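Coordinates in review
Listed here are the chains, written in short residue letters.
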Amino acid sequence: MDFNDSPSEAAFRAEARAWLAAHAPAHVLPEGVRLPDTEQAERERVWQRTVYDGGYAGIVLPTALGGRGGSIIDAVIWAEEEARYNLPHGPFTTIGIGMAIPVIGKHGNGEQRARFIEATLKGDLTWCQLFSEPSAGSDLANLRTKAVRADDGSGDWIINGQKVWSSWAHLTDWGILVARTDGSVPKHKGLTFFVVDMKTPGIEVRPIRQISGASDFNETFFTDVRIPDANRIGAVGEGWACCMTVLMGERLGTASHGSRIGELMDYAQATPDGRGGTALDQGHVRLALAEAYAEERAERWFQARLRTMVSRGENPGAMAGMVKLAYARRLQKTSGLAMELRGPAAIAAAAADAATRDLQHDYIWSTVMRIAGGADEVLRNQIAERVLGMPGDIRADKDVPFDQLR
Ligand SMILES: Cc1cc2nc3c(=O)[nH]c(=O)nc-3n(C[C@H](O)[C@H](O)[C@H](O)COP(=O)(O)OP(=O)(O)OC[C@H]3O[C@@H](n4cnc5c(N)ncnc54)[C@H](O)[C@@H]3O)c2cc1C
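Looking at an unreviewed UniProt entry, the chain carries the name Acyl-CoA dehydrogenase, with the source organism given as Sphingomonas lacunae. Recorded under Cofactor (unreviewed entry), the UniProt text for the chain is reproduced unchanged: "FAD".

Structure (C-alpha cells):
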C-alpha cells in the first residue's frame with residue numbers, strides 16, 4: 001500500500017468525505033451519554049441503512065451482493081473518513097459485517113449469500129457470535145454444544161448445549177454458531193458451522209451483569225433447537241475452517257475501532273496543571289501522548305500492510321493477532337492516561353460530570369480487548385510458533401478422538 005492516495009483514491013476520498021459531511025452529522029452519538037441498548041441498536045440499524053442507501057456499505061463486496069465492488073484500499077479510506085465522526089457502530093454491525101458476511105461469503109453457498117449478505121448490509125439483519133462455552137474459550141475446539149441430525153429424515157439439525165459471553169445475543173436477529181457433529185474424531189475435525197435465527201424455539205438468552213453495570217453479553221442455552229440443513233455453512237466437519245475465517249476478520253478489523261488520541265490531546269490541553277499551565281505542559285504527559293500516538297500510527301500502518309496482503313490473496317495468518325494485541329495494550333494505556341490526567345476527580349466524579357463517567361466506563365471496559373477475540377497470552381503463543389517459528393506448546397489432545405478426552 002502506498003500511503004499517499006493515487007488520483008483515483010483521492011477522488012474516492014473526496015467523494016466519501018463530501019457524502020459523510022452531508023449525512024453523518026445527523027447520526028453522531030451524543031457526547032458522554034450512554035444510550036439504552038435498544039436505542040443504540042436502532043441507531044446502528046438506521047446508520048447502516050443510510051450507508052447502504054448511499055452506496056458505501058460493503059465497499060469490497062461485489063455489487064451483485066449489494067456491495068460497492070471497490071478495492072480494499074477504498075475500504076480503508078472509507079473507514080478513515082467515517083472514523084472522523086462518532087457514529088453508531090458496535091457489535092450489531094461489526095459482528096454482522098466483520099464476521100458473519102466474511103464466513104458466509106467464503107464458505108456459504110449462492111443461496112445463503114443471496115439470503116444474508118445484502119440484508120445485513122442494509123441493517124435489516126443483526127448478528128451475534130455463538131462460539132465460546134464454559135470449557136471452550138481460548139481452547140475453542142474443546143466446545144461441547146452438539147448438533148445431531150433429526151431422526152425424521154428431514155435433514156434438520158437438533159442443537160443442545162450452552163454458549164457464553166455471547167455479545168448482544170439478547171438483541172440480535174441471527175447468530176453464527178459452531179457445534180460438534182462428530183465426537184469420534186480429534187477435536188478440531190468434528191465441528192460444523194451454522195447460522196441460527198435467534199427467535200427459534202428452545203433458545204434461551206440470559207444476560208450477564210458486568211462490573212460496568214451494563215449487560216452487553218449473555219449465556220445462551222440451546223434445548224432441542226431445530227434448525228434446517230439450509231442453515232449449515234460449509235461442509236459437515238469443516239466448522240474449524242469457518243471459525244478461522246471469522247477470527248481472522250475479528251482480529252484484523254480490531255484497529256478500525258479508531259483512536260481517541262486526538263481527543264486525549266485536546267483533553268490534556270484543557271486540563272489545568274495547578275501551576276498556571278495545562279497538563280500538556282508537563283513533560284511526562286507529552287511523552288506518554290507521543291508514545292501512544294507513535295504506537296497508534298505503527299499499528300495502523302501494520303494493519304494496512306496486512307490488509308494489502310489480504311487484497312493480494314495472501315493470508316496473514318497469526319500476524320492478524322498482532323494488530324489486536326497492540327490495540328488492546330494501547331487502549332488500556334490511553335484510558336489509564338485519561339484517568340490520570342483527570343486526577344482525583346476521575347475517581348470521585350460529580351453526578352453531573354458525564355465526561356468523567358465516560359472516562360471511567362472506558363477505563364473499566366479497556367481490559368476486555370485483552371481477552372475478547374483471543375486472550376493476549378494465546379495470541380502471543382500463536383505469534384511465537386507461527387510467525388517466529390519458535391517451538392510449539394504441548395498439545396497432548398490434538399490427535400485424540402474428542403470422545404476419549406478427559
Ligand atoms: C467483551 C467480550 C466479548 C465477548 N464476546 C463474545 C461473543 O460475542 N461470542 C463469543 O463466542 N465469545 C465472546 N467472548 C469470549 C472470548 O472469546 C473468550 O473470553 C476468550 O476466547 C477467552 O476464553 P476464556 O474466557 O474461556 O478464557 P480461558 O481460555 O479460560 O483463559 C483464561 C486465561 O488462561 C490463559 N490461557 C488459556 N490457554 C492458554 C495457553 N494455551 N497458553 C497461555 N495462556 C493460556 C488465557 O490467556 C487467559 O488469561 C467475549 C469476551 C469478552 C471479554
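**Considering the overall build of the chain**
Scanning the chain for helices and strands turns up 11 helices and 8 strands. The C-alpha radius of gyration computed for the chain amounts to 22 Å, which stays within 12% of the reference 22 Å derived for 406 residues, consistent with globular compactness. C-alpha atoms of the chain, sized along the principal axes, occupy 80 × 45 × 45 Å. The 406 residues of the chain split such that 46% are buried. Considering only residue pairs separated by 6 or more positions, the chain has 69% of its internal contacts joining residues 24 or more positions apart.

**A few points about the packing of aromatic side chains**
Under the defined criterion, the tally for this structure stands at 11 aromatic pairs. Ring centres of Trp 165 and Phe 217 lie 5.3 Å apart, and the angle between their planes is 65°; this geometry places the pair in the edge-to-face category. One end of the pair, Trp 165, is in the loop between strand 3 (157–164) and strand 4 (174–180); the other, Phe 217, is in the loop between strand 6 (203–207) and strand 7 (218–227), and 52 residues separate them in sequence. What makes Phe 217 partly exposed here is its relative accessible area of 22%. Here a set of aromatic residues connected by ring pairs shows up, and it is made of Phe 12, Trp 19, Trp 47, Tyr 56 and Trp 78. Across the ring face of Phe 402, the terminal group of Arg 180 is positioned such that the distance to the ring centre comes to 3.4 Å. The positively charged end of Arg 206 is found above the aromatic ring belonging to Phe 221, 4.1 Å away from the centroid.

**Focus: the UniProt feature "domain: Acyl-CoA oxidase/dehydrogenase middle" (unreviewed entry) in the chain**
When the UniProt feature table is mapped to this numbering, "domain: Acyl-CoA oxidase/dehydrogenase middle" (unreviewed entry) covers residues 128–225. The distance from the first to the last C-alpha atom of residues 128–225 is 17 Å, and the span holds 0% helix and 43% strand.

**Quick look at the site of the ligand**
The full set close to the ligand counts 18 residues, and Gln 129, Ser 132, Ser 138, Trp 165 and Glu 377 are the nearest of them. Contacts to the ligand include Trp 165, whose backbone N or O atom sits 3.0 Å from a nitrogen atom. The biggest single contributor to the shell around the ligand is helix 11 (residues 376–387), with 3 residues. For the shell around the ligand, the per-class residue count stands at 8 nonpolar, 8 polar and 2 charged. Formed jointly, the shell around the ligand draws a minimum of three residues from each of two domains, domain 2 (128–238) and domain 3 (257–388).

**Looking at the environment of Pro 25**
Structurally, Pro 25 is set in the loop between helix 1 (7–23) and helix 2 (37–54). Spatially, the C-alpha atom of Pro 25 lies 8.5 Å from that of Leu 87, the residues being 62 residues apart in sequence. If we ignore the near neighbours within four places in the chain, the residues touching Pro 25 are Leu 20 and Tyr 85.

**Some thoughts on the pattern of salt bridges**
This structure, assessed with the given rule, holds 24 salt bridges. Here Glu 81 ties to Arg 13 by a salt bridge, and the two come within 2.8 Å at their closest N and O atoms. One end of the pair, Glu 81, is in helix 3 (residues 72–82); the other, Arg 13, is in helix 1, and 68 residues separate them in sequence. A residue is classified by how much of its surface remains accessible, and Glu 81, at 1% relative accessible area, is buried. Close ionic contact of Asp 397 with Lys 187 constitutes a salt bridge, the shortest N to O distance being 2.7 Å. On the criterion of sequence distance, the pair formed by Asp 397 in the segment after helix 11 and Lys 187 in the loop between strand 4 and strand 5 (191–197) is long-range, its members being 210 residues apart.

**Details of the pairing of strand 4**
Among the 7 residues of strand 4, 7 are classified as buried, and the element is accordingly described as predominantly covered. Neither face of strand 4 is left uncovered, since the one carrying Trp 174, Ile 176, Val 178 and Arg 180 and the one carrying Gly 175, Leu 177 and Ala 179 both have all their residues buried. Taken together, the 7 bridges between strand 4 and strand 5 define a ladder with antiparallel strand orientation. Paired with Val 178 across the bridge in strand 5 is Phe 193.

**With respect to empty space enclosed by the protein**
If you walk through the whole model with that rule in mind, you get 1 cavity of 30 Å³ or more. Empty space within the largest cavity amounts to approximately 50 Å³. Around the largest cavity, the lining residues are Glu 44, Arg 45, Gln 48, Phe 92, Thr 93, Ile 97, Thr 120, Gly 123, Leu 125 and Thr 126. Of all the elements in the fold, those that place two or more residues in the lining of the largest cavity are helix 2 and helix 4 (91–107). The residue inventory of the lining of the largest cavity, partitioned by class, reads 3 nonpolar, 5 polar and 2 charged.

**What about the packing of helix 2 against helix 4?**
The interhelical angle for the contact between helix 2 and helix 4, taken along N-to-C directions, is 50°, at an axis separation of 9 Å. Looking at the two axes, helix 2 sits oblique to helix 4. Residues Asp 37, Gln 40, Ala 41, Glu 44 and Gln 48 of helix 2 pack against Pro 91, Phe 92, Thr 93 and Ile 97 of helix 4. Taken together, the residues of the contact of helix 2 with helix 4 break down into 4 nonpolar, 3 polar and 2 charged.

**Concerning a nonpolar patch on the surface**
Residues Met 322, Val 387, Leu 388 and Met 390 make up a contiguous nonpolar surface patch of roughly 340 Å² in combined accessible area. You can see Val 387 is positioned in helix 11.

Rules behind the numbers
Just so you know, the residues in each chain are numbered from 1, in the order the chain's sequence is written. With the structure being a predicted model, the display of local features is reserved for residues of pLDDT at least 70 and the display and counting of side-chain atom pairs for 80 or more, all residues being used for whole-chain, interface and lining totals. Processing note: side-chain calculations cover all non-hydrogen atoms of the structure and skip hydrogens and water entirely. UniProt positions are given in the numbering used here, feature names are shortened, and annotations may be inferred rather than shown by experiment. Runs of E in the DSSP output that reach at least two residues are strands. Runs of H or I that reach at least four are helices, and both are numbered from the N terminus. Atoms counted for the radius of gyration: C-alpha only. Globule rule: 2.2 Å times residue count to the power 0.38. Using a 1.4 Å probe on the protein chains alone, a residue whose accessible area is under 20% of its type maximum counts as buried, one over 50% counts as exposed, and one in between counts as partly exposed. By the convention used here, residues are in contact when the closest approach between their heavy atoms is within 4.5 Å. Here the aromatic set is Phe, Tyr and Trp, taking the six-membered ring for Trp, and pairing holds for ring centres within 6.5 Å; pairs whose planes are under 30 degrees apart are stacked, those over 60 apart are edge-to-face, and all others are tilted. Here, a charge over a ring is recorded when the distance from Lys NZ or Arg CZ to the ring centre is within 6 Å and its angle to the ring normal is within 35 degrees. Nearness of a residue to a molecule or strand requires only that one of the residue's heavy atoms be within 4 Å of it. N or O atoms closer than or at 3.5 Å make up a polar contact, with two conditions inside protein: a donor-capable atom paired with an acceptor-capable one, and, for residues adjacent in sequence, both atoms drawn from side chains. Residues are grouped as follows: Ala, Val, Leu, Ile, Met, Phe, Trp, Tyr, Cys and Pro are nonpolar; Asp, Glu, Lys and Arg are charged; all remaining types, including Gly, are polar. As annotated, the domain borders come from an automatic or database domain assignment. One side-chain nitrogen of Lys or Arg within 4 Å of one carboxyl oxygen of Asp or Glu is enough to make a salt bridge. Any two strands with at least two DSSP-identified bridges between them are counted as paired. Detection works on a 1 Å grid of protein atoms alone, calling trapped sets that fit a 1.4 Å probe cavities and calling open sets with protein on both sides within 12 Å along at least five of seven lines pockets, with lining residues defined by an atom within 4 Å of a point. Grid points are joined across faces, edges and corners, and a volume is the space filled by probe spheres set on the points. Axis lines are fitted to C-alpha atoms, over the contacting stretch for helices. Their N-to-C directions set the angle, which ranges from 0 to 180 degrees. Each angle gets one of four labels, with under 35 degrees taken as roughly parallel, over 145 as roughly antiparallel, 65 to 115 as roughly perpendicular, and the rest as oblique. What goes into a patch is any residue over 30% in relative accessible area without a salt bridge, connected to like charges within 9 Å or, for nonpolar side chains (Val, Leu, Ile, Met, Phe, Trp, Tyr), within 5 Å. Accessible surface is estimated by sampling points in the Shrake-Rupley manner with a 1.4 Å probe; for residues, cover comes only from the protein chains shown.

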